[in-house]
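Chains, contacts and geometry: an overview
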Amino acid sequence: MLSELLLTEIGRLNQPTKLPLHRQLYEALRRAILDGKIAAGERLPSSRDLTQDLQLSRNTVVAALNQLTVEGYLVSHIGSGTFVSDNVPRLPALKHRGAPSRQASLSARGMRLSSTFCATDLEIQPFTPGIADFSAFPVALWQRLQNKHWRMTYPEMLDYSSLGGYAPLRRAVTDYLRVFRSVPLDLEQVIITSGTQESLALCSQLLADHADTVWLEDPAYWGAVKAFMATGLALHAVPVDELGIAPQPADDATPPRLIYVTPSHQYPTGAVMSLARRHQILTLARQHQAWILEDDYDSEFRFSGPPIASLAGLDTDQRVIYLGSFSKVLYPGLKLGYMVVPKGLAAAFKRAHYDLNRPGQMPLQAALAEFIEMGHFASALRRARQSYAQRRTSLLAALQPCLGSLARINGAEQGLHLCLRLPDTLDDKALAQRIAKLGLTVRPLSSYCLKQTRLRGLIIGYGYAPLAEIEHFGPLLARTIASALASFSPST
């Protein structure tokens, strides 16, 4: 009976989690004990019998029993066997302890953060947007560099960093941004962070107070929305058109403290902010004494048209904070980014960054600095550009048959995704779910919207999908979209 119970529980545990076998047996036994299905003082079968009944290895069974014994669920008596401990809580007490209560619920902000713009369902599948291909990253070289700096690490390299990051890495960022993004800056203005999310949080905490207003693009990047929600800012959505964020006179009635933009390649629509619109945003920031947060998340990947200068490069009032990351070129788990702050704020930002986040990872930063100095970053970027350009061309060709009066592509000049615009009354969420059944992941444009209600489309990524998969799955994606458009009636 016990074996049948454990087999059923193990089968249930294995479906969603794929836990190791010894952990599955441990969880199955522990739950059976806590639920009262195995009574206190009851003797368990021997490990040999469990091994035979459950068709598991002896080591797996022994490991699970030993862990339960260490944690006090089981007691072993030499010569007598293994028994359920008398000290395990009875079922009624367990039910009472685990009953939902108001005191254990999330805060209102916690509920919003855990239920809005959630990205936990991201899958590494063809066409997932926002995902870069890190399979070609030179792991062996990277390991050698890290090992080198671990061997020669001085004690201070194991401490927190109070100076804004490893100086050679900050210098490499400074040189790169001066040359390739036309950002006027000095070394002291560069601060290394654990990525754009931390940069956004730090800007929100230091440049705005609770309930201050942040203007952000609509549709919006979900990560920025979460960062601003977490710091208690009031979100004011400003619609995006073909030329980027488009503030109207009515927006001035809600003056911003922060203005968050992705001007080089708006996420997710792909719109490129025009020069006139850039000057408008800078003027509005000056009028409202607001700070502009420029997220230049994929500027390295521009495939057609002239290079686009950064917004920070046009700023003459020191009101732009420039945000960048290494994740798109190298690999997401690196978790290293950077921000460029006005000179007058640099010291305060470094002090607060130290107190709030306790920044570190100095050996990792040292390895990255040498990786850049030796030219490997430039090589990785060249390879990535060439590879992504081929994938982009292949995806555009595959989607061509479904384009026409009802569907058009935006944002294909740069980045790792494109936006397929669809009729305003078409259900893009239902279409994305239909595509998901084929084993492909795209994102409905409407899911990125804050206030806009008549914006439909699909966000299609080509960063992670290998060229062969795009060539294989691209026509399938196009046929599915074309089928949906063929059955679409504008009156619906």
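Note that the structure is predicted; figures quoted are calculated from it, not measured.

Turning our eyes to something else, we now look at the overall build of the protein. Counting its regular elements, the protein contains 16 helices and 14 strands. For the C-alpha atoms alone, the extent of the protein along its principal axes is close to 85 × 65 × 50 Å. Taking all 492 residues of the protein together, 50% fall into the buried category. Residue pairs at least 24 apart in sequence account for 74% of intrachain contacts in the protein once pairs closer than 6 positions are excluded. About 23400 Å² of surface is accessible on the protein, with carbon and sulfur atoms providing 54% of the total. One finds the centroid of the 50 positive side-chain charges in the protein at a distance of 2 Å from the centroid of its 42 negative side-chain charges.

Bringing the sheet that holds strand β4 (residues 213-218) into the picture now. In space, the eight strands of this open sheet follow the order β3-β10-β9-β8-β7-β4-β5-β6, with mixed pairing throughout. Lying at the two open borders of the sheet, with one neighbouring strand each, are β3 (190-193) and β6 (244-245). Note: strand β9 (residues 320-325) against strand β10 (residues 337-340), four bridges, orientation antiparallel. Counted as the bridge partner of Leu-323 is Met-339 from β10. Sheet contacts for helix α8 (residues 167-180): β3, β9 and β10; angle to β3, the most-contacted strand, approximately 115°.

Examined against the element boundaries, Cys-449 turns out to sit in the loop between β13 (443-444) and β14 (456-461). When its relative accessible area of 12% is taken as the criterion, Cys-449 is described as buried. Put simply, Cys-449 and Tyr-388 are 61 residues apart on the chain and 27 Å apart in space, counted from C-alpha to C-alpha.

A few words on the nonpolar core. Counting residues in each nonpolar core, the largest one holds 80 residues, and the members touching the most others are Phe-326, Leu-330, Leu-458, Ile-460 and Ile-481. Once residues within four sequence positions are removed from consideration, Phe-326 is found in contact with Leu-169, Val-173, Tyr-331, Leu-334, Leu-336, Gly-337, Tyr-338, Leu-368, Ile-372 and Phe-377. Judged by nonpolar contacts, the second largest core, of 35 residues, contains Leu-200, Ala-227, Tyr-267 and Val-341.

What follows deals with the environment of Ala-108. Among the secondary structure elements, Ala-108 is positioned in helix α6 (residues 108-115). Look at Ala-108 and you get exposed, because its relative accessible area is 62%. Once the C-alpha coordinates of Ala-108 and Met-157 are considered, the two residues, 49 residues apart in sequence, prove to be 40 Å apart.

Ordered in space as β11-β12-β14-β13, the four strands form an open sheet in which the pairing is antiparallel. Edge strands, defined here as strands with exactly one partner in the open sheet, are β11 (408-410) and β13. The pairing of β13 with β14 spans two bridges and is antiparallel. When the sheet's bridge partners are listed, Arg-443 is paired in β14 with Ile-459. Across the sheet, helix α14 (residues 376-399) touches β11, β12 (417-422) and β14, and the angle it forms with β12 is around 15°.

Our next topic: the pairing of β9. Two faces make up the sheet, and in a regular strand the side chains alternate between them. Here β9 lies mainly inside the structure; six of its six residues are buried. Alternating positions in β9 separate into two faces, Val-320, Tyr-322 and Gly-324 on one and Ile-321, Leu-323 and Ser-325 on the other, with burial throughout. Judged from the four bridges that link them, strand β8 (residues 291-295) and β9 form a sheet pairing that is parallel. Directly across from Asp-295, in β9, lies its bridge partner Leu-323.

So, about the confidence of the model for the protein. Looking at the protein as a whole, the pLDDT averages 88, with 92% of positions reaching at least 70. Below a pLDDT of 50 lies the segment residues 93-98, which in the model reaches two contacts outside its immediate sequence neighbourhood of four places, other chains included.

Turning our eyes to something else, we now look at the packing of helix α9 (residues 196-207) against helix α10 (residues 222-230). Look at α9 against α10: their axes get within 9 Å of each other, and the N-to-C directions meet at 35°. Two packed elements cross with a definite hand, and for α9 against α10 that hand is right-handed. Along its contact with α9, which presents Gln-197, Leu-200, Ala-201 and Ser-204, the element α10 presents Gly-223, Ala-224, Ala-227 and Phe-228. Taken together, the residues of the contact of α9 with α10 sort by class into five nonpolar, three polar and no charged.

Before going further, it helps to examine helix α16 (residues 467-486). With 20 residues, α16 extends 28 Å between its outermost C-alpha atoms, agreeing within 8% with the 28 Å of an ideal straight helix rising 1.5 Å per residue. The largest bend in α16 comes to about 35°, at Phe-473, with the proline Pro-475 one to four residues further on. Among all positions in α16, only Ile-470, Gly-474, Leu-477, Ala-478, Thr-480, Ile-481, Ala-484 and Leu-485 are buried. Contact partners of the buried residues in α16: α14, β12, α15 (428-436) and β14.

Right, let's talk about the side chain of His-353 for a bit. Summarising the element assignment, His-353 is placed in helix α12 (residues 343-357). A residue is classified by how much of its surface remains accessible, and His-353, at 2% relative accessible area, is buried. Those residues in contact with His-353 that sit more than four places away from it in its chain are Ile-191, Ile-192, Thr-193, Glu-198, Leu-202, Arg-358 and Pro-359.

The subject of this paragraph is the pairing of β10. Because side chains alternate across β10, one face comprises the buried residues Gly-337 and Met-339, and the other comprises Tyr-338 and Val-340, equally buried. Alignment of β3 against β10, held across four bridges, turns out to be antiparallel. Across the sheet, residue Val-190 finds its bridge partner in β10, namely Val-340.

The next subject is the packing of aromatic side chains. Under the defined criterion, the tally for this structure stands at 16 aromatic pairs. It is Arg-319 that lies over the ring of Trp-291; its NZ or CZ is 4.3 Å from the centre.

With respect to the element layout, Asn-410 can be found in strand β11. For Asn-410, a relative accessible area of 12% gives the class buried. Non-local contacts of Asn-410, meaning those with residues more than four positions away in its chain, are made with Glu-242, Thr-269, Leu-418, Cys-419 and Arg-421.

Another aspect to go through is the packing of helix α7 (residues 139-151) against helix α13 (residues 362-373). Interaxial distance between α7 and α13 falls to 9 Å at its minimum, and their mutual angle equals 125°. Put simply, α7 runs oblique to α13. The chirality of how α7 crosses α13 is right-handed. Side by side, α7 and α13 meet where Leu-141, Trp-142, Leu-145, Gln-146, Lys-148, His-149 and Trp-150 of the first sit next to Pro-363, Leu-364, Ala-366, Ala-367, Leu-368, Glu-370 and Phe-371 of the second. Here the residues of the contact of α7 with α13 are counted per class, giving ten nonpolar, two polar and two charged.

Procedures and definitions
Residues numbered from 1 in each chain as written. Predicted model: local features only at pLDDT ≥ 70, side-chain atom pairs only at ≥ 80, totals over all residues. Heavy atoms only, no water. Helix = DSSP H or I, 4+ residues; strand = E, 2+ residues; numbered from the N terminus. Buried < 20%, exposed > 50% of the residue type's maximum accessible area, 1.4 Å probe, protein only. Contact = heavy atoms within 4.5 Å. Areas by Shrake-Rupley, 256 points an atom, 1.4 Å probe, with all protein chains shown as cover. Lys, Arg positive; Asp, Glu negative; His and termini not counted. Charge placed at Lys NZ, Arg CZ, Asp CG, Glu CD. Pairing = 2+ DSSP bridges. Axes fitted to C-alpha atoms, helices over the stretch in contact; angles between N-to-C directions. Core = buried A, V, L, I, M, F, W, Y, C linked by side-chain atoms within 4.5 Å. pLDDT = per-residue confidence, 0-100. Left-handed = near helix turned anticlockwise from the far one by under 90°. Nonpolar A, V, L, I, M, F, W, Y, C, P; charged D, E, K, R; others polar. Expected span 1.5 Å × (residues − 1). Bend = angle between axes of the 7 residues up to and from the residue. Phe/Tyr/Trp six-rings, centres within 6.5 Å; stacked < 30°, edge-to-face > 60°. Lys NZ or Arg CZ within 6 Å of the ring centre and 35° of its normal. Parallel < 35°, antiparallel > 145°, perpendicular 65-115°, else oblique.

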